[in-house]
Amino acid sequence: MKIAVAGTGYVGLVTGVCLAEHGHSVSCVDIDSRKVALMSSGISPIYEPDLEELMVKNMEKLNFTTNFKEAYRDADVIFIGVGTPEKHDGSANLKYVFSVAVQIAQSIEKDCVVVVKSTVPIGTNDKVEDLINTNLVHNVKVSVASNPEFLSQGTAVKDTLHASRIVVGVEDPDAGEVLKDIYKDFGAPIIVTNRKSAEMIKYASNDFLALKISFINEIANLCEIIGADIEDVAHGMGYDNRIGNRFLNSGIGYGGSCFPKDTKALHWLANFHDHELKTIKAAIDVNENQKLKLIKKSRKYFDSLKGLNVAVLGLTFKPGTDDLREAPSLVNIPILLEDGANVKAWDPVGIENFQKLYPENITYCTSIEDTLKNADVCFIFTEWEEVKNFNLSNYEKLMRSPIILDGRNCYDLSSAKSAKVIYDSIGRETIISLEVSLV
Ligand code: NAD
């Protein structure tokens, strides 16, 4: 089967590479010629564990191109994996998906199945099919299928090769058979439904996870007030298999390219139909407040951060990715700078992208030690393994005043008690094992 994939971001490239790993020949199309040149020379334009190795391994089955006409012309199946970013009003911006649909219509010369992998509002697959049919140049039959993606950044390859489920939404049963055939060796349950239900499964899944995170963050905030410990609470809850132990990590809120925009898009869609999704609205509101939690905590120690040396550990929205979209660092660092702090930042893979946004006013460091040297306070925004493995006793040795505001609960409280630090995390007792004279 000849397969083309439109878009080589986190979803498109991982899809293309994993399909090649399962023996398919895949043409990966992107409008970004820089990315295409990198991929053609065996370099992944995004950081994702195991992706580059798998891409290089399957290079003879992969083709990277900006020439969409060539790639789509005689394809049996075309996956659409382009972005659907948030518009100012919270709705999903579908211009990239629709533009690919028109390009497909103008290029294809034989019957094919177009598979929408991008996360799109309910009803979009119908529009894609209409758009293709009204713009067709050749007399061919096109079936549009919804096949939402559930991978997580940081574990994208693993999530795709060992998917929990594959959801296929079709109106044409033949298109369903084509997708079943493509995925036959993936070993995952394949759920076939209609297109709107498939589109809804994606939003409902993401929004439920966002809700779970906001729920545990609200409980964490209450734990802090009443003296309970959120780590123990989540541990105790997680044993209940009706609840499960995943997505119960409290912190400074979810970020990334999916949860923020997918909660807002579904909320927007419901509002458009005069229906309010109250729980989703609450998840969005809680998350927005949660992102400011460490700044609020810092006010306990300093009236202002003006002139203080502030160390920042972690810039990306989560470990295992260089993606900064909706990362808490992007909300907090501008506040630190506006306050007049001298900001030093470290991240193992996110600096290059952050530097594009903030080329000046931040000192970027290549080690945690350099970042902490002479700092008055440290903000932890991402739970990188390097941070978790960095001994707490080193903070006292390196910092001018070892005040650690940990937005990801990287350390257990017993180690904070034995180190000479002030350790303020989320949903837990603040450990003050050192008297600090604040500047
Ligand atoms: P991304 O921004 O990383 O990549 C999108 C790519 O599409 C870019 O490389 C861009 O240049 C390319 N593109 C734009 N227009 C194009 C065109 N006409 N032809 C070919 N390429 C074009 O996006 P992403 O994070 O991979 O997300 C893609 C979709 O998948 C979104 O709808 C997203 O919500 C969804 N999704 C993302 C994730 C994730 O973790 N990132 C997980 C599940 C679903």
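Residues numbered from 1 in each chain as written. Predicted model: local features only at pLDDT ≥ 70, side-chain atom pairs only at ≥ 80, totals over all residues. Heavy atoms only, no water.

## Here's the deal with the overall build of the chain
Item 1. Within the chain, the regular secondary structure consists of 19 helices and 15 strands.
Item 2. Scaling as 2.2 N^0.38, a compact globule of 439 residues should have a C-alpha radius of gyration of about 22 Å, and the chain matches this with 24 Å.
Item 3. The dimensions of the chain, computed from C-alpha atoms along their principal axes, are 80 × 45 × 40 Å.
Item 4. Out of the 439 residues belonging to the chain, those deemed buried represent 54%.
Item 5. Counting contacts in the chain only where the partners sit at least 6 residues apart, residues at least 24 apart contribute 71% of the total.
Item 6. Taken together, the 46 basic and 60 acidic charged side chains of the chain have centroids lying 1 Å from each other. (Helix = DSSP H or I, 4+ residues; strand = E, 2+ residues; numbered from the N terminus. Rg over C-alpha atoms; globule rule 2.2 N^0.38 Å. Buried < 20%, exposed > 50% of the residue type's maximum accessible area, 1.4 Å probe, protein only. Contact = heavy atoms within 4.5 Å. Lys, Arg positive; Asp, Glu negative; His and termini not counted. Charge placed at Lys NZ, Arg CZ, Asp CG, Glu CD.)

## Things to note about the domain arrangement of the chain
Item 1. Per the domain assignment, the segments of the chain are domain 1 (2–193), domain 2 (202–290) and domain 3 (293–432).
Item 2. Here the C-alpha centroids of domain 2 and domain 3 sit 23 Å apart.
Item 3. Every contact between the two is made by 19 residues of domain 2 and, on the other side, 19 residues of domain 3.
Item 4. When the two sides are added together, the surface that domain 2 and domain 3 hide from each other amounts to roughly 1,400 Å², 51% of it contributed by carbon and sulfur.
Item 5. Interface area lost by domain 2 to domain 3 is led by E224, I252 and G256, which between them contribute 40%.
Item 6. In this structure, the connection of domain 2 to domain 3 is made through 2 salt bridges.
Item 7. Put simply, E224 and K297 hold a salt bridge, and the shortest N to O gap is 3.0 Å.
Item 8. If you look at where domain 2 meets domain 3, you find 9 residue pairs in polar contact (both at pLDDT 80 or more).
Item 9. Among the secondary structure elements, those contributing two or more residues to the side of domain 2 that touches domain 3 are α9 (195–226), α10 (230–238) and α12 (278–290).
Item 10. Element by element, the count of residues in the side of domain 2 that touches domain 3 is highest for α9, at 4 residues. (Domains from an automatic or database assignment. Buried area = accessible area lost by both parts, 1.4 Å probe. Salt bridge = Lys/Arg side-chain N within 4 Å of Asp/Glu carboxyl O. Polar contact = N/O pair within 3.5 Å; in protein donor to acceptor, adjacent residues only side chain to side chain.)

## Thoughts on the pairing of strand β12 (residues 377–380)
Item 1. With burial as the criterion, each face of β12 is covered, one bearing V377 and F379 and the other bearing C378 and I380.
Item 2. Bridge count between β12 and strand β13 (residues 403–406): 3 bridges; the pairing is parallel. What sits directly across from I380, in β13, is D406. (Pairing = 2+ DSSP bridges.)

## Here we look at the packing of helix α11 (residues 259–272) against α12
Item 1. In contact at an axis separation of 9 Å, α11 and α12 are set at 140° when each is read in the N-to-C sense. Considering the angle they form, α11 stands oblique to α12. Note that α11 runs across α12; the crossing there is left-handed. Only I280, K281, I284 and E288 of α12 make contact with α11, whose side of the interface consists of T263, K264 and H267. (Axes fitted to C-alpha atoms, helices over the stretch in contact; angles between N-to-C directions. Parallel < 35°, antiparallel > 145°, perpendicular 65-115°, else oblique. Left-handed = near helix turned anticlockwise from the far one by under 90°.)

## Remarks on the site of the ligand
Item 1. Every one of the 27 residues lining the ligand counts as a neighbour, but D30, K35, T84, Q153 and K261 are closest to it.
Item 2. Between V11 and the ligand, the recorded distance is 2.8 Å, taken from a backbone N or O atom to an oxygen atom.
Item 3. A distance of 2.6 Å separates an oxygen atom of the ligand from a polar side-chain atom of K261.
Item 4. Computed on the free molecule, the ligand has an accessible area of 840 Å², of which 91% lies beneath the protein chains in the complex.
Item 5. Elements supplying a minimum of two residues to the shell around the ligand: α1 (10–21) and α5 (95–107).
Item 6. For the shell around the ligand, the leading source of residues is α5, giving 4 residues.
Item 7. In the shell around the ligand, the residues fall into 9 nonpolar, 12 polar and 6 charged.
Item 8. Two domains each provide a minimum of three residues to the shell around the ligand, namely domain 1 (2–193) and domain 2 (202–290). (Near = heavy atom within 4 Å. Areas by Shrake-Rupley, 256 points an atom, 1.4 Å probe, with all protein chains shown as cover. Nonpolar A, V, L, I, M, F, W, Y, C, P; charged D, E, K, R; others polar.)

## Structural notes on the packing of aromatic side chains
Item 1. Throughout the structure, instances matching the rule amount to 10 aromatic pairs.
Item 2. Aromatic pair F354 and Y358: ring centres 5.3 Å apart, planes at 20°, arrangement stacked.
Item 3. Judged by its relative accessible area of 0%, F354 is buried.
Item 4. For the ring pair Y411 and Y423, a centre distance of 6.0 Å and an interplane angle of 80° mean the geometry is edge-to-face. Separated by 12 residues along the polypeptide, Y411 in the loop between β13 and α19 (413–418) and Y423 in strand β14 (residues 422–424) bring together distant segments of the chain. Of the two residues, Y411 and Y423, both sit in the buried class.
Item 5. Chaining the aromatic ring pairs together yields one cluster made of F390, Y395, Y411 and Y423.
Item 6. The ring centre of F150 lies 3.7 Å from the NZ or CZ of R165, which sits over that ring. (Phe/Tyr/Trp six-rings, centres within 6.5 Å; stacked < 30°, edge-to-face > 60°. Lys NZ or Arg CZ within 6 Å of the ring centre and 35° of its normal.)

## Some points on α11
Item 1. Along its 14 residues, α11 runs 20 Å from first to last C-alpha, staying within 8% of the 20 Å computed at 1.5 Å per residue.
Item 2. Of all 14 residues in α11, 11 are buried, a share of seventy percent or more.
Item 3. Where α11 is buried, its residues touch α9 and α12.
Item 4. Trailing α11 by a residue or two, D274 shows a phi angle of about 55°, which is positive. (Expected span 1.5 Å × (residues − 1).)

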